[in-house]
Amino acid sequence: MAMPSRVGQKRSRPNDKAQRRRDGLQLDFLAGLRVIENLGTDRPTNHDNSFFRDTPMLYILNFISLLAETDSSRPDRSDIAVAVSADQGHIRLILAKANGEIPTDGETKNVASFIQTLRDCLKDNALGHGEDLAIKRFTRLIAQRHLPELFRKLSQIGTVGGRTPKKNWERFCSLLPLWHRANPRGERSHGFVTLAKQLFGLVHGELNADEVMVGTMKSFILHDESTPVEEMTSHEKPYFTKIALESSVRMVNSNFFQDVISKGPFHNIVDPDNDHQFLNEMYRRINDVAQYLIGLEYFAYAGIPYIVKALGQNGLEQFLSRTGGIVPHWVVRSRRNLPRTLFWGTRPQDKVRRLLESKRLAIDDFEPEEYDNMAQQKELLERIPT
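Below is a summary of the structure that appears in this document. (Residues numbered from 1 in each chain as written. Predicted model: local features only at pLDDT ≥ 70, side-chain atom pairs only at ≥ 80, totals over all residues. Heavy atoms only, no water.)

### A short note on the packing of helix α6 (residues 131–145) against helix α14 (residues 275–320)
At a minimum axis separation of 10 Å, α6 and α14 run at an interaxial angle of 140°. One element, α6, and the other, α14, form an angle in the oblique class. Crossing angle aside, the handedness with which α6 passes α14 is right-handed. Contacts between α6 and α14 involve Glu131, Asp132, Ala134, Ile135, Phe138, Thr139 and Ile142 from the former and Tyr292, Leu296, Glu297, Phe299, Ala300, Tyr301 and Ile304 from the latter. Across the contact of α6 with α14, the residue classes tally to ten nonpolar, one polar and three charged. (Axes fitted to C-alpha atoms, helices over the stretch in contact; angles between N-to-C directions. Helix = DSSP H or I, 4+ residues; strand = E, 2+ residues; numbered from the N terminus. Parallel < 35°, antiparallel > 145°, perpendicular 65-115°, else oblique. Left-handed = near helix turned anticlockwise from the far one by under 90°. Contact = heavy atoms within 4.5 Å. Nonpolar A, V, L, I, M, F, W, Y, C, P; charged D, E, K, R; others polar.)

### A look at unusual backbone geometry
Most peptide bonds adopt trans geometry, and most residues besides glycine take a negative phi value. Phi angles above zero are rare outside glycine, and arginine 322 is one such case at about 65°. Structurally, arginine 322 is set in the loop between α14 and β3 (326–332).

### Comments concerning the packing of helix α8 (residues 165–182) against α14
Direction vectors running N to C along α8 and α14 enclose 115°, while the axes themselves pass 11 Å from each other. Viewed along their axes, α8 and α14 adopt a mutual orientation that is roughly perpendicular. The hand of the α8/α14 crossing is left-handed. Contacts between α8 and α14 involve Asn168, Arg171, Phe172 and Leu175 from the former and Asp275, Phe278, Leu279 and Met282 from the latter. Residues that form the contact of α8 with α14 fall into these classes: five nonpolar, one polar and two charged.

### So, the pairing of strand β2 (residues 90–97)
The buried count for β2 comes to seven of eight residues, which makes it a mostly enclosed element. For strand β1 (residues 80–87) and β2, the ladder comprises eight bridges, and the chain directions are antiparallel. The residue bridging aspartate 87 from the neighbouring strand is histidine 90, located in β2. In this antiparallel pair of consecutive strands, β1 and β2, the connection spans two residues, and glutamine 88 shows a positive phi of 45°. Looking at chain direction, β2 and β3 are connected through six bridges and run parallel. (Buried < 20%, exposed > 50% of the residue type's maximum accessible area, 1.4 Å probe, protein only. Pairing = 2+ DSSP bridges.)

Here it is as C-alpha cells:
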C-alpha cells in the first residue's frame, strides 16, 4: 500500500531555515483547515454507494476517528474528522468535531487510550512481534471502550425503515429467491466458503456457504436477541467483539451484497425505490460495523510501519518515553483555553494569525511582521472555509 511521503520533504528548501519553518507551519495549518473544511458536508444517501470505496489512508483515518468518538447517534454534534501531519521524527494527529465543538472528556480519554495502545504496539514491534498482536490489542481496546457504541450500531441493522427486526428478517428472506434467480451459483465468497468448510468439513462444506451467509445475516437482523452488553463478562466482551467485526467484514464482502451494490442482474430485477433502498441501507449499516476491522487491518499492516518510518529512531524513543513523537491536537471554534488546541478568529487573516501565535505550533522567535506576512499568504486564505 502506498502511503503519503513525509510532508516536510515536499516543500522544504535547502539553505533557507526560516522558509522551511514557514512551510512546515503552513502545512500544519492547511491540514487543520482541511479538517474544518470537510465538516458538515452532506452524508451519503441510501442510494449512494460511492462512499464504500475509500483509499487505504482514508480507511486508517476513519479508524482513528471511530476510536475517538463516543456516540455517533448525533452526527451534527459527535462526528470527528482526523488529519495527520508527519515531519522529521514528529507526527501531529489533528482532530476536529462537527461544527468545531470542544471535545468531551470521553473523547479526549478515547484519544489517550488510542495513543497508549499504539505505544504498546510499537513496543511489541520493537521486540519483533507482528501485526496479529496489534490487531488483538486494538480489538481488546474496542471491547473495553467502544462496545456500547458497537452494540448501538449492530441494533440499527434490524430496524431499517423503522420496521421491527422480525419484519425486516421476513423481508430479507422474501428477496433471497430473486437473488438466486439472478445469481444461480449462490454464495461463493472466500469468507463464507472458508467458514462453511470449518463448520461442515473440507469436502462438502462449500455447498453450505449459502446457509452460513443467511445465518450470519439473521444474527445481524435479530441482534437484539443477543446477550446485553451489561451482562457480558470481561472474557466474553473481546470474544463477542472479534466475532461481530469478522462477521461484518465477511458479510460486506459476500456475493449477496456485492450483487446489491453492483449494477448486475440482481440490481436490475429488484424494486429500486423499495427493495434496493432497503438492501443498500442494510449494507451501509453493516459496513459501519465492518469499518472497525477494515481500518484496523490497514492500520496494523500499513499504518504502523509508516509511523515507525516517519518517526525514526529518535522520534520513536521520544514517543515510547512519553516525551514527544506523536502529539494530538484538537481544532475547535472556541476561545476556551484547552491544551494542544488550535483556535479560530473571525476574519481569515485573524484565523491564520491566531494559529501562528499558537504556543504549540509556532516558532517563538518570529517577528510580528513575519506573522502578518504569513497570515496574508494567498495559499492559506484561499483554503479558509467561509
